[in-house]
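Coordinate analysis (summary)
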Amino acid sequence: MSFLAPLYLLGLGAISLPIVLHLIRRMPKGRYAFSSLMFLAPSPPRLTRRSRIDQWLLLLLRALAITLLALAFSRPFWRAFADAPGPLQQGRQVALLVDTSASMRRGDLWEQAVARVRRVVEGLEDPDTVALFTYDSQLRPVVMWPDGLSVSESANRAIILQRIQQEQPRWEATDLGQALLAVGDYFEQGNGRAARETHRQIVVVTDFQRGTDLTALQRVAWPEDLPVALETVSSADQGNATLRVVPAEDESPSDPVRVRVTNEQGSVNDQFHVDWVFADSPAGDQPRVPVYVPAGQSRVVRVPPSRGQQMPTGVRLTGDDCPFDNTWHVAPVPRRSWLVVYLGRDQADDPDQLSYYLHRALTDAPGYDVKIVEQFEKDRVAAPGAPVGHLVVVSRPVDEAMLDDLMDYVTGGGFVLVVPDSDEAARNLAPLTPGLRYREAESSTSDDDYALLADVDYDHPLFAPFQGVRFGDFTKIHFWNRWVYDVEPDATGRPLARFDRGGPALWHETLGDGQMLLLAGTWRPRDSQLALSTKFVPLLDGLLELVAPRMVTPGDLRVGDPVALREGEKQVVLPDGTLVEVVDDQWYRDTREPGIYQFLSANMTRPVAINLARTESQTSALPRERLEQLGVTLGSVPPPSVTEAHLRQLRATELENQQKGWRWLLLTVCGLLVIETWWAGRQARHGMKSLGAQVPQNDGSAS
Amino acid sequence: MSNSSSEIGSDRPSPSPERVAGIDPLTLMRIRNLEFRAKVVVDGFLSGLHRSPHHGFSVEFSEYRQYSPGDDPRYLDWRLFARTDRYYVKRFQDETNLRCYLLVDLSRSMAYGSLPYDKAEYARTAAATLAYFLSLQRDAVGLVTFDERIRDYLPARYRAGHIHRLMLALEQSPTGKATRLEIPLEQVASTVRKRGLVILLSDCLAQLDSLETHLGYLRSQGHEVILLRVLDPAEISLSIPHPALVEDLETGRTFYVDPDSARAEYEQRFREHASRLRRICLAWDVDFASLVTDQPLDMSLFELLHARWRRGRKMVSRKPSGVSAAGGRR
């Protein structure tokens, strides 16, 4: 016989209560007031007839009634004939997710996480199966559930404990939502074998910081039978602060760099410093800017440009407890330079000639330098995006060989500006522009007889800076002498500007890989006002940009973001100095840590800065209710032993409900009480008769 | 009264047969008005007194003495001078105004009673009776009620309304938590300078050590002292009906008492206490009487007064006092 509520058997102790109370002491019922106790002494209670048990039958009846009542309350049942074995123990299928995002680099969070994993694995019971995943911006299965054939569960757990020791936190952002969905898919797919029969459980070991991305969970309804247990680890640091460079639209290398410093909520520190970081050498006497940022706020501070020749690779924040996000990498912009080959017959110091103004306009400037030479080498073709741009300016007549060389140069990717200085030169150089046919030279006889620029193509990059009404006025530029060309019907080039008297003024033609630009005039003061106008220098600058466009480095790339590759980039130098080959020809995807990545091509190096995701710096803890708000079931599946005990209890309840032994016991109790009442009444009457007028004393023995 | 015979009761006069019954105390206590109750009792024993051959307290001639210069000429006996032609002054026994103080114990132990009335009621009635009786004789009566301290103090007076105030003071119920017999005795000794009669009504259920001292002090001041011990018959024989938790009325202390087993020891200790009290009274020439509450009050008082009268006669003869006015009473 078993009992559903065996604790009620304690009620059996009530049997002894009346006996014990009766035998221990029979305290007088009433109190008697007396004038003085000065002549009295306490009397010991006497053992009288009242102290002896003389109604044995009554006592037995009442004790039996109490016993049966206690038995009835403890809900007895017989399991001998119905105690069939229950279903086999079903273990849990546990997926262990460990956060390896950058924020786990704080303090001893990772050690805590490893210890937590060990505790979870060691707390599993025999029928349970467990798999280990790590996640940051993506989910990585580390050890899958055992298939039962090659690896046993115990071996699997040993592997998990071994592998978690080898894991390290990475630099990527935290996307817990995506990771949970992916693990859910693993459960649903073949990896979650017999998924429907087992109890599934996800255990997430994470710091659950505010920057955790949970948006993926908004898309789906989380299954109710897949509870998630959060094992959060917390750091004892006193807050975190981070920084990032605010990009400026028209920054100049001499301008201060704007840096936004953000201090996390609840941070204790509020005084920080920002300084430059250099690849090889320490900062030295570089400026160190103090900044005060209260907790939960951000400030923008202007950091003066670094001094010296070496380009800084980033800015650094000092003064907070968590250094993992204290450096913002900035790709050093290489100094641009141009090599201009001038093929002319004039001297650079003659103010009436072309070269003089070319030298004056193309001088070194902050951020780039220009070198003008007269030696032409047809192999000196700059690749697009090369740090050194090559421009050939031709103004004099050249021989046939040179013409061929120039043509080869252009078709090979070179850039040539043709500015014929004479009718002869115009005629000589005409083959360089196949789309034009030279007609004649037009010279004016008076100052008032001039040609103006018209139909300027402001959409072309060369004229794009003059697009505004205030800047697009070219009517002040008079051309007295010009070369008149006719456009061939099948010309592939197009005029960027025309003369109001007809004919192209500036012709652009793409030949092969290169480009040809022809000015149907000169900037000599006697020919036109172009060199003396305010448009001349911007036009030549635009020309240089056209030759070698400014290298636009992708800004704001985060760890894990793919970097678009440029033509010819086959190797990458990682921030730690490792040289790796690029396998893809479109993207480089292995940006696994923040720093400066050097993309190498045949003749140039392109630095790209990869930074930490901004969300990783938001280190204050999220409330775990946030997951519940998104519909995720939080909680733990009880271990199989608990489940088994629960099932056993359920079976016992069912058996007891079928047998209902307590009803018979209660019925017996009622019968016993009836007999007891009848017997007690009979004894009382008998006692009254025998004792006459005395007070009956038949009750004390058992009641 | 039979088993607690007092000094007085031992040589009581044999009253007339109709007086033996006395007034039933149960009937007497049903009279609510204390003054009327006292009057009933006084009427009862006065009739007994009048029937007695001994005629009570009056100014009595003592002796003649030859006049010597300095004597008050008002006391010269002019008749004797007329007959003898000599000057004599008359001397009298001083039985003038009696100053009587009734000291009534109203502690909680006096609230005990196995009869329909308690000891306090009985003592109150006795005190009221004595006061009324004395006031009839134009004696000044004072009252001190006490428990562990003095509760009421009325100086001895003889004037209209005084007896009524005294009755009102007596009607207070017992409240005190202890009995300190020496307190009223000290009070009387310190405030009453003239000699008088002090009647202490108490159950005397208290320690007797200090009582002896204070009785002696009073006696040495010349006061007559009568100690009337009021007892309930259940106190004398420990008549507790069944074993019970017995609670001390004064202290509230309780313990279990089985009367059958405790009775013998109780009675022995009670007797020892009573005999010690009696010895103290004897030693200081204090009249002592036990008033048991189931005895008729008029009988008890009659015996008391009768015995006192007899002792008073002896006392007068033994203790001559000063000269008083020829009229005896003022």
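Residues numbered from 1 in each chain as written. Chains lettered and ligands numbered in written order. Predicted model: local features only at pLDDT ≥ 70, side-chain atom pairs only at ≥ 80, totals over all residues. Heavy atoms only, no water.

A short note on the overall build of chain B
Counting its regular elements, chain B contains 12 helices and 10 strands. Each of the 330 residues in chain B was classed as buried or not, and the buried ones make up 50%. For chain B, the share of sequence-separated contacts (at least 6 apart) that also reach a separation of at least 24 residues comes to 79%. As displayed, chain B has an accessible area near 15600 Å², and 49% of this comes from carbon and sulfur atoms. (Helix = DSSP H or I, 4+ residues; strand = E, 2+ residues; numbered from the N terminus. Buried < 20%, exposed > 50% of the residue type's maximum accessible area, 1.4 Å probe, protein only. Contact = heavy atoms within 4.5 Å. Areas by Shrake-Rupley, 256 points an atom, 1.4 Å probe, with all protein chains shown as cover.)

Some points on the sheet that holds strand S26 (residues 557-558) of chain A
Where strands meet in a sheet, backbone hydrogen bonds hold them as pairs that are either parallel or antiparallel. Residues and elements named next belong to chain A. Across the sheet, which stays open at both edges, the 5 strands sit in the order S26-S32-S31-S28-S29 with mixed pairing between neighbours. Here the strands that pair on one side only, and so sit at the sheet edges, are S26 and strand S29 (579-581). Summarising the sheet, strand S28 (residues 571-573) and S29 pair through 3 bridges and their orientation is antiparallel. Considered in S29, the bridge of Val573 is made with Leu579. (Pairing = 2+ DSSP bridges.)

Focus: the packing of helix H3 (residues 109-122) of chain A against helix H4 (residues 153-166) of chain A
Residue and element names in this part refer to chain A. Packing of H3 against H4 brings their axes to within 10 Å, and their N-to-C directions diverge by 180 degrees. One way to sum up the angle between H3 and H4 is to call them roughly antiparallel. Every residue of H4 that contacts H3 at Trp110, Val114, Val117, Arg118 and Val121 is listed here: Arg157, Ile160, Leu161, Ile164 and Gln165. (Axes fitted to C-alpha atoms, helices over the stretch in contact; angles between N-to-C directions. Parallel < 35°, antiparallel > 145°, perpendicular 65-115°, else oblique.)

A few points about the packing of aromatic side chains
The geometry of an aromatic ring pair comes down to the distance between the two centres and the angle between the two planes. Residues and elements named next belong to chain A. This structure, assessed with the given rule, holds 27 aromatic pairs over all chains. Seen from their ring centres, Tyr458 and Phe474 are 6.5 Å apart, and the 40 degrees between their planes marks the pair as tilted. Separated by 16 residues along the polypeptide, Tyr458 in the loop between strand S21 (453-454) and strand S22 (481-487) and Phe474 in the loop between S21 and S22 bring together distant segments of the chain. Taking the centre distance of 6.1 Å and the plane angle of 55 degrees together, the rings of Trp678 and Trp679 count as tilted. We note Arg105 situated over the ring of Trp171; from NZ or CZ to the ring centre the distance is 3.8 Å. The aromatic ring of Phe474 is capped on one face by Lys535, whose charged end is 5.5 Å from the ring centroid. (Phe/Tyr/Trp six-rings, centres within 6.5 Å; stacked < 30°, edge-to-face > 60°. Lys NZ or Arg CZ within 6 Å of the ring centre and 35° of its normal.)

A few points about the pattern of salt bridges
For the structure on display, the rule yields 41 salt bridges over all chains. Here Glu676 of chain A and Arg62 of chain A are joined by a salt bridge, their closest N and O atoms 2.2 Å apart. Of this pair, Glu676 of chain A sits in helix H12 (residues 661-691) while Arg62 of chain A sits in helix H2 (residues 56-73), and the two are 614 residues apart along the sequence. Residue Arg65 of chain B pairs with Asp71 of chain B through a salt bridge whose shortest N-O separation is 3.1 Å. Relative accessible area serves as the criterion here: at 31%, Arg65 of chain B is assigned to the partly exposed category. Asp71 of chain B gets classed as buried once you look at its relative accessible area, which sits at 17%. (Salt bridge = Lys/Arg side-chain N within 4 Å of Asp/Glu carboxyl O.)

Notes on the interface of chain B and chain A
Facing 34 residues of chain B, the contacting portion of chain A comprises 18 residues. Summing the contributions of chain B and of chain A, the shared interface buries around 2600 Å²; its carbon and sulfur component is 65%. By the criterion of area lost to chain A, the three top residues of chain B are Leu245, Phe255 and Tyr256 of chain B, representing 25% of everything that side buries. Summed over the shared surface of chain B and chain A, the number is 0 salt bridges. At the boundary of chain B and chain A, one finds 8 residue pairs in polar contact (both at pLDDT 80 or more). When residues of the side of chain B that touches chain A are traced back to their parent elements, those giving at least two are helix H10 (233-237), strand S8 (244-248), strand S9 (254-257) and helix H11 (259-283) of chain B. A per-element tally of the side of chain B that touches chain A places H11 of chain B first, with 8 residues. Bridge analysis of strand S2 (residues 31-34) of chain A against S8 of chain B gives 4 bridges, and the strand direction is parallel. The residue of S8 of chain B that forms the bridge with Ala33 of chain A is Glu247 of chain B. (Buried area = accessible area lost by both parts, 1.4 Å probe. Polar contact = N/O pair within 3.5 Å; in protein donor to acceptor, adjacent residues only side chain to side chain.)

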